[in-house]
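# Overview (structure and organization)
For reference, the chains in residue letters:
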Amino acid sequence: MCGIVGYIGMQNAAPILLEGLKKLEYRGYDSAGIAVMQNGSIAVSKVTGRIAALAEKTEHGSLLPGTVGIGHTRWATHGAPTDANAHPHTSNDGRFAVVHNGIIENYLELRKELMEKGYHFDSETDTEVVVHLMEMYYQGDLKQAVMRTSARLCGSYALGILCSDEPNRMFAVREASPLILGVGVGENFFASDVTALVAYTRNAIYLDDGEFAELTPDGIQVYDCTGQPFRKKVSRISWDIQAAEKGGYEHFMRKEIMEQPRAVKATMAPRLKDGQVVLDDMEIDLHGIRKIVITACGSAYYAGCAAKYAIEKLCHIPVQIELASELRYSDPLIDATTLLIVLSQSGETADTIAAMKECQSHGAKALAIVNVVGSTIAKLADYCLYTWAGPEIAVATTKGYTTQLTALYLFALYGAKELRTVDEAEYQKKLQVLKALPKLMQQALDMNPNLEQLAKKYHRAHSMFFIGRNTDYAVALEGALKMKEISYIHAESYAAGELKHGTIALISEGQPVIALCCNDAITEKTMSNIVEVKARGAEVLAVACRDNQKIVSLADDMIFVPKVEPLFSAAVEIVPLQLLAYYVARENGCDIDKPKNLAKSVTVE
Ligand code: F6R
């Protein structure tokens, strides 16, 4: 949700800011802007629309010379996507410029106070109060003004601040929104995410909440919330620049779909040792755990829905899945005998963070399954399993989801061993299935050359239904989300048995129904539902194993998947559905990596 960058050094800042913003565009892309300091003044350029438009407007940055600057790409919260609402915002006297990611919750009262004092507002944003507070509190000491301003703000904010009176430094502030400092030689940076930094430096400082930093070309000084300077560890960024590039693919989403076998292997490899699952990163005694609560948002929540079956079956512990946005306000029945599992690719999802804090305050320990190293959730959790998927740039998650599933499967097997809930032979059998997942996912990618053709057939549909039972139902949830978010086709998922309790009224001639039938134990039941919808004219596209002849003869079209033990099959079944959604979106001319109204990393409530 919004991306911010900052540069201070010897080079012209604007091209570096634009490059950084391009990398952050997945965080929000309805407007953008940069501010650059030169000769004691701040020049600002903003556009409604994408970074490409900003690059064009500024002639690739050449119209804003200067070696210190800040930039922003916006996902609108307060106020429509307009030039006026785009960041950076400037103070009335023109001496300050501010970029902001997050939400200032008390902005209305601050706005009223500032207006009464004579400050005028040019935008509808919550952010603009920050820049006027800076002007109000600045009396020749920028650090003091930053501290006094921050002390007035409630909510979440990562801020980048310039002051034309102090041309050789800039400030970055973090409270509940991601902010990373890039440590260079003769130049320094800040950004919402390491992808904007890796082209320039691999050395990063991860700011924590309440901390702020002063950046000059020659150094970075981090301060705690009381203004005390202290030394902060410099970490090495392990992602390389190629990982954040398209690598010859037309879209990041396609690249990330294809990367999944490798990503799943990377999640597993460090945790498989001497014929067993080893979770070094988690020293928890599962014997005292009476209940597991999994919480997350969106696809991550659906990963939890799919893995619930494996955890319950293998660990014999009841698993409850909760949407983070609901759990946080539900006063949950959770205590120290509950293990909370928090899933998040970005590690920055606001609702997930809040739900985690709520459950921790009830005494539960939190195990986070997170992709982004050093992210807020990773830091706040009691234990953390990184998924090691590499950067996920496409807004719609693919490898984020399948690696979350993989980490949960690993946890399920680990738990089964710890709790002795499966015998050794069964444990080894399941372990072999897990190890085979990358290969099976690759097969699922390879065995469906017809997906593009299927997309041509189905892309004009007004709506689609995804149905399945048990683990197939969990995959249907994610399959439908993928379809709707990138192709803009209305897609609903239903537990197949539920159709006849109302929804079947919507089935009429030509209605596409995607039926998942990969779980042998219940395939017959789902087939009855297929017969029911076909009798009402539905066009059925079934997802099943090739040897399931009954389905092949029943369905209008087929997507094949290799045979997989149902407990772990979601990671394989979803792959062709991701690709189908991708091709349908492409047929419909959609902006696949940046679907409308969405942004990755939802750092607002
Ligand atoms: C859908 C998608 C979202 C995310 C959700 C949680 O393709 O990407 O539904 O899964 O916003 O994000 P994280 O995992 O970053 O917490």
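Details of the structure are given in the entry above.
Attention in this report is confined to the structure presented alongside it. Only a predicted model underlies this, so the values are computations on that prediction, with no experimental measurement involved.

Glycine aside, a negative phi is what most residues show, and trans is what most peptide bonds show. His-87 connects to Pro-88 through a cis peptide bond whose omega is 0°. With respect to the helices and strands, the residue Pro-88 is situated in the loop between strand E4 (68-74) and strand E5 (89-90). In the Ramachandran plot, Glu-59 falls in the positive-phi region, its phi being about 50° despite a non-glycine side chain. Along the chain, Glu-59 turns up in the loop between helix H2 (51-57) and E4.

Within the fold, Lys-255 resides in helix H6 (residues 252-258). For Lys-255, a relative accessible area of 8% translates into the label buried. Among residues more than four places away in sequence, those in contact with Lys-255 are Gln-242, Ala-243, Glu-245, Lys-246, Gly-247 and Tyr-249.

Here we take up helix H13 (residues 424-446). If you check H13, its first and last C-alpha atoms are 33 Å apart, about what 23 residues at 1.5 Å a residue would give, namely 33 Å. Maximum bend of H13: about 45°, positioned at Leu-437, with proline Pro-438 one to four residues after it. Within the sequence span of H13, burial applies to Tyr-427, Lys-430, Leu-431, Val-433, Leu-434, Leu-437, Pro-438, Leu-440, Met-441, Ala-444 and Leu-445.

To continue, consider the site of the ligand. In the neighbourhood of the ligand, 16 residues make up the surrounding shell, with Ser-344, Gln-345, Ser-346, Thr-349 and Glu-485 lying closest. Ser-299 is positioned with one of its backbone polar atoms (N or O) 3.1 Å from an oxygen atom of the ligand. Here an oxygen atom of the ligand and a side-chain polar atom of Thr-349 are 2.5 Å apart. Protein burial of the ligand: of its 400 Å² of free accessible surface, 88% is covered by the chains.

Here we come to the pattern of salt bridges. The full count for this structure, using the stated rule, is 35 salt bridges. Glu-166 is the salt-bridge partner of Arg-169, the closest N and O atoms lying 2.5 Å from each other. With a relative accessible area of 12%, Glu-166 lands in the buried category. Across the pair Glu-426 and Lys-429 runs a salt bridge whose closest N-O atoms are separated by 3.9 Å. Placement of both Glu-426 and Lys-429 in helix H13 is noted, with a separation of three residues, approximately one turn of the helix.

Time to look at the packing of helix H7 (residues 260-268) against H13. Two elements in contact, H7 and H13, have axes separated by 8 Å at closest approach and are oriented at 175°. Considering their axes alone, H7 and H13 lie roughly antiparallel with respect to each other. Every residue of H13 that contacts H7 at Gln-260, Pro-261, Val-264, Lys-265 and Met-268 is listed here: Leu-434, Lys-435, Leu-437, Pro-438, Met-441, Gln-442 and Leu-445. For the contact of H7 with H13, the per-class residue count stands at eight nonpolar, two polar and two charged.

Next up on the list: the sheet that holds E5. Spatially, the seven strands line up as an open sheet ordered E5-E6-E7-E8-E12-E13-E14, and their pairing is antiparallel. Single-partner strands in this sheet number two, and they are E5 and strand E14 (229-230). Across the sheet, helix H4 (residues 128-137) lies against E5, strand E6 (96-104) and strand E7 (155-163), angled at about 135° from E6, the strand it touches most. Each of E6, E7, strand E8 (170-175), strand E12 (212-216) and strand E13 (219-223) touches helix H5 (residues 142-152); the most contacted strand, E8, lies at about 25° to it.

Right, let's talk about the sheet that holds strand E26 (residues 539-544) for a bit. Pairing is parallel in the open sheet, where five strands are placed in the order E24-E23-E25-E26-E27. Two strands close off the open sheet at either side, each with one partner strand: strand E24 (490-495) and strand E27 (557-560). In this sheet, neighbouring strand axes are inclined to one another by 20° on average, regardless of whether the strands run parallel or antiparallel. Where strand E23 (residues 463-468) meets E24, six bridges bridge the pair, whose relative direction is parallel. Pairing of Ser-463 across the sheet is with His-490, part of E24. Lying over the sheet, helix H15 (residues 471-487) contacts E23, E24 and strand E25 (512-516), oriented at roughly 175° with respect to E24.

Definitions and cut-offs
Residues numbered from 1 in each chain as written. Predicted model: local features only at pLDDT ≥ 70, side-chain atom pairs only at ≥ 80, totals over all residues. Heavy atoms only, no water. Helix = DSSP H or I, 4+ residues; strand = E, 2+ residues; numbered from the N terminus. Buried < 20%, exposed > 50% of the residue type's maximum accessible area, 1.4 Å probe, protein only. Contact = heavy atoms within 4.5 Å. Expected span 1.5 Å × (residues − 1). Bend = angle between axes of the 7 residues up to and from the residue. Near = heavy atom within 4 Å. Polar contact = N/O pair within 3.5 Å; in protein donor to acceptor, adjacent residues only side chain to side chain. Areas by Shrake-Rupley, 256 points an atom, 1.4 Å probe, with all protein chains shown as cover. Salt bridge = Lys/Arg side-chain N within 4 Å of Asp/Glu carboxyl O. Axes fitted to C-alpha atoms, helices over the stretch in contact; angles between N-to-C directions. Parallel < 35°, antiparallel > 145°, perpendicular 65-115°, else oblique. Nonpolar A, V, L, I, M, F, W, Y, C, P; charged D, E, K, R; others polar. Pairing = 2+ DSSP bridges.

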